[in-house]
Amino acid sequence: MKNYPISNMLFNYACKERKPINGTFELTSNCNFNCKMCYVHSCKKKSSDAPPEDWKRVIDEACDAGLIYALITGGEPLTHRNFTDIYSKIYKKGIVSVLNTNGYLLDDTYISFLKKAPPSRINITLYGTDDETYRNLCGVSGGFSQVEKNIKKLKENGFNLNLNLTFVKSNIHAAEDMVRFAELNNLHIRPSTYIFPSSENETNERLSAEDAAKAEIKLYSLTHTQEELKKWAENVFMKYEAAKKEKPRDSFNGTTCRAGKSSYWIHSDGQLSFCGIKSAGNELNVFKDGFIPAWEQAVKAADKVRNPDACLSCNYRFICRRCYAMLASENVLNENIDGSYTCLYYKRYTEELVNIYFEG
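Residues numbered from 1 in each chain as written. Predicted model: local features only at pLDDT ≥ 70, side-chain atom pairs only at ≥ 80, totals over all residues. Heavy atoms only, no water.

## Digging into the packing of helix α9 (residues 226-245) against helix α14 (residues 341-359)
Here is step 1: As a packed pair, α9 and α14 sit with axes 8 Å apart at the nearest point and diverge in direction by 115°. The handedness of the crossing between α9 and α14 comes out as left-handed. Together, Leu229, Trp232, Ala233, Glu234, Val236, Phe237 and Tyr240 of α9 and Tyr349, Thr350, Leu353, Val354, Ile356, Tyr357 and Phe358 of α14 make up the contact between the two elements.
Here is step 2: Here the residues of the contact of α9 with α14 are counted per class, giving twelve nonpolar, one polar and one charged. (Axes fitted to C-alpha atoms, helices over the stretch in contact; angles between N-to-C directions. Helix = DSSP H or I, 4+ residues; strand = E, 2+ residues; numbered from the N terminus. Left-handed = near helix turned anticlockwise from the far one by under 90°. Contact = heavy atoms within 4.5 Å. Nonpolar A, V, L, I, M, F, W, Y, C, P; charged D, E, K, R; others polar.)

Shown next as structure tokens:
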């Protein structure tokens, strides 16, 4: 992972002072794909996209409050009927923007538009390397062929691209092919095998916790040298040993990441949450209540997050992210965490890497 000293310095200051410098803007929950494991959009109930005037007003307020980095996402953000209008507002404000997309709609018209106002990076989620996988998993015809064609055009036009690789049961068989595709196209990848459960779409698509952990390590071995893998394994082993020796904490409140400290997520309906994956249930609406009140409410909610007592003395606590989104999505924030998907994942993850460390 690249290290950006200036960015890290800004985030450290912002987290300390609770300055909202990093925002995710979920323009719509609608999508042209129908992915079985998606936790954002529902195919049964389409969202009513907010008009550009609402988004523009909020963007102005967010910039006045300190916005520096913006992630533009969905659903599929390009399906918002006023995407170009809203995006242009963010670009003209001088915000460092990143666009999340499935890549299917990035045709010549969008490429021409974005070339005049390029985001700092475009993240394209890749689901496979053939049309059949896209049809089975995403419910779209000719998916890979179209995405592959658009990626080629984006590269020819000099865009900074990143591939997000999402792995579930329906496409884990293609893991090596997906990594090879990225290598052949000289694209940086960010693989993910930990899939959040969804209340609206199928959850049986995600790998078992044990298989997801093993796949994560396998993917690392495919994209890094043997020396780097052993160094990673050594680091995990040292954290595991340190946790066993260090005295447990009595309590730990607040999020373990930047959520609610410097970062936030504005949902397509206008609710501002400190976490985009899981709502705390008491968010304010930026379109109705304004950005600052909504941010202040999110900060309070984030500070009230309480880690499960079991996490305070767990031998895996320096390895596990203890992520609010993970624990809340698995319904284990307060109890029954032992044996949960999250715990099983990090235990197997640690065991596999410790074995690699000793074998090395």
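## With respect to helix α2 (residues 52-65)
Here is step 1: In a regular helix each residue adds 1.5 Å, so 14 residues correspond to 20 Å; α2 covers 20 Å between its end C-alpha atoms and thus fits that length.
Here is step 2: Where α2 is buried, its residues contact β1 (22-26), α3 (83-92), β7 (263-266), α10 (286-289) and α11 (291-303).
Here is step 3: Within two residues after α2, Gly66 carries a phi angle of roughly 125°, on the positive side. (Expected span 1.5 Å × (residues − 1).)

## Some words on the pattern of salt bridges
Here is step 1: Applying the stated criterion across every chain yields a total of 13 salt bridges.
Here is step 2: Across the pair Arg57 and Asp54 runs a salt bridge whose closest N-O atoms are separated by 3.3 Å. Remark: Asp54 and Arg57 occur in helix α2; sequence separation between them is three residues, near one turn of the helix.
Here is step 3: Measuring nitrogen to oxygen at the nearest pair gives 2.7 Å for the salt bridge that ties Asp309 to Arg306.
Here is step 4: When its relative accessible area of 47% is taken as the criterion, Asp309 is described as partly exposed.
Here is step 5: When its relative accessible area of 43% is taken as the criterion, Arg306 is described as partly exposed.
Here is step 6: It is possible to trace a salt-bridge network through shared partners that takes in Asp60, Lys89 and Lys93. (Salt bridge = Lys/Arg side-chain N within 4 Å of Asp/Glu carboxyl O. Buried < 20%, exposed > 50% of the residue type's maximum accessible area, 1.4 Å probe, protein only.)

## Description of the sheet that holds strand β4 (residues 121-126)
Here is step 1: Read across the sheet, eight strands follow the order β6-β5-β4-β3-β2-β1-β7-β8 without closing on themselves; strand pairing throughout is mixed. What marks the edges here is a single partner per strand, and that holds for β6 (188-192) and β8 (272-273).
Here is step 2: Sheet analysis places β4 next to strand β5 (residues 161-166), joined by five bridges and oriented parallel. The partner of Thr125 across the bridge, within β5, is Asn164.
Here is step 3: Running over the sheet, α3 touches β2 (69-73) and β3 (96-101) and is turned about 170° from β2. (Pairing = 2+ DSSP bridges.)

## Let's talk about the side chain of Lys261
Here is step 1: Within the secondary structure, Lys261 is located in the loop between α9 and β7.
Here is step 2: Buried charge Lys261 goes without a salt bridge, the closest partner of opposite sign being Asp303 at 6.8 Å.
Here is step 3: One polar contact links the side chain of Lys261 to the main-chain carbonyl oxygen of Thr255, over a distance of 2.8 Å.
Here is step 4: Apart from the residues within four sequence positions on either side, Lys261 is in contact with Ala14, Cys15, Arg18, Lys19, Thr255 and Trp295. (Lys, Arg positive; Asp, Glu negative; His and termini not counted. Polar contact = N/O pair within 3.5 Å; in protein donor to acceptor, adjacent residues only side chain to side chain.)

## Remarks on helix α1 (residues 5-17)
Here is step 1: Here α1 spans 18 Å end to end across 13 residues, near enough to the 18 Å set by a 1.5 Å rise per residue.
Here is step 2: Of the residues making up α1, those classed as buried are Ser7, Phe11, Ala14 and Cys15. Looking straight down α1, one finds its buried side chains confined to an arc of 100°; they lie on one side. Residues Pro5, Ile6, Met9, Asn12, Tyr13 and Lys16 are exposed on α1 and point more than 90 degrees away from its buried face.
Here is step 3: Packing partners of the buried residues in α1 comprise β1, β2 and β7.
Here is step 4: Positive phi appears at Arg18, one or two residues downstream of α1, with a value of about 60°. (Arc of directions from axis to C-beta.)

## Re the pairing of β6
Here is step 1: Taken together, the five bridges between β5 and β6 define a ladder with parallel strand orientation. Note on β6: the bridge partner recorded for Asn162 is His188.
Here is step 2: As a crossover connection, the stretch from β5 through helix α7 (residues 175-184) into β6 is right-handed. (Right-handed = clockwise from strand over helix to strand, strands pointing away.)

## Points about the pairing of β3
Here is step 1: Across the six residues of β3, five count as buried, placing the element largely inside the fold.
Here is step 2: Of the pairings in the sheet, the one linking β2 to β3 comprises four bridges and is parallel in character. Each bridged residue has a counterpart across the sheet, and for Ile72 the counterpart in β3 is Leu99.
Here is step 3: A crossover links β2 with its parallel partner β3, the connecting element being α3, and its sense is right-handed.
Here is step 4: Here β3 pairs with β4 via four bridges, running parallel. If you follow Thr101 over to β4, its bridge partner there is Ile124.
Here is step 5: Considered for its hand, the β-α-β crossover made up of β3, helix α4 (residues 108-116) and β4 is right-handed.

## Quick notes on the packing of α2 against α3
Here is step 1: Where α2 contacts α3, the axes come no closer than 9 Å and their chain directions differ by 15°. Looking at the two axes, α2 sits roughly parallel to α3. Taken as a pair, α2 and α3 cross one another with a handedness that is right-handed. Contacts between α2 and α3 involve Pro52, Trp55, Lys56, Ile59 and Asp60 from the first element and Asp85, Ile86, Lys89 and Ile90 from the second. (Parallel < 35°, antiparallel > 145°, perpendicular 65-115°, else oblique.)

Shape descriptors only; they carry no functional weight alone.
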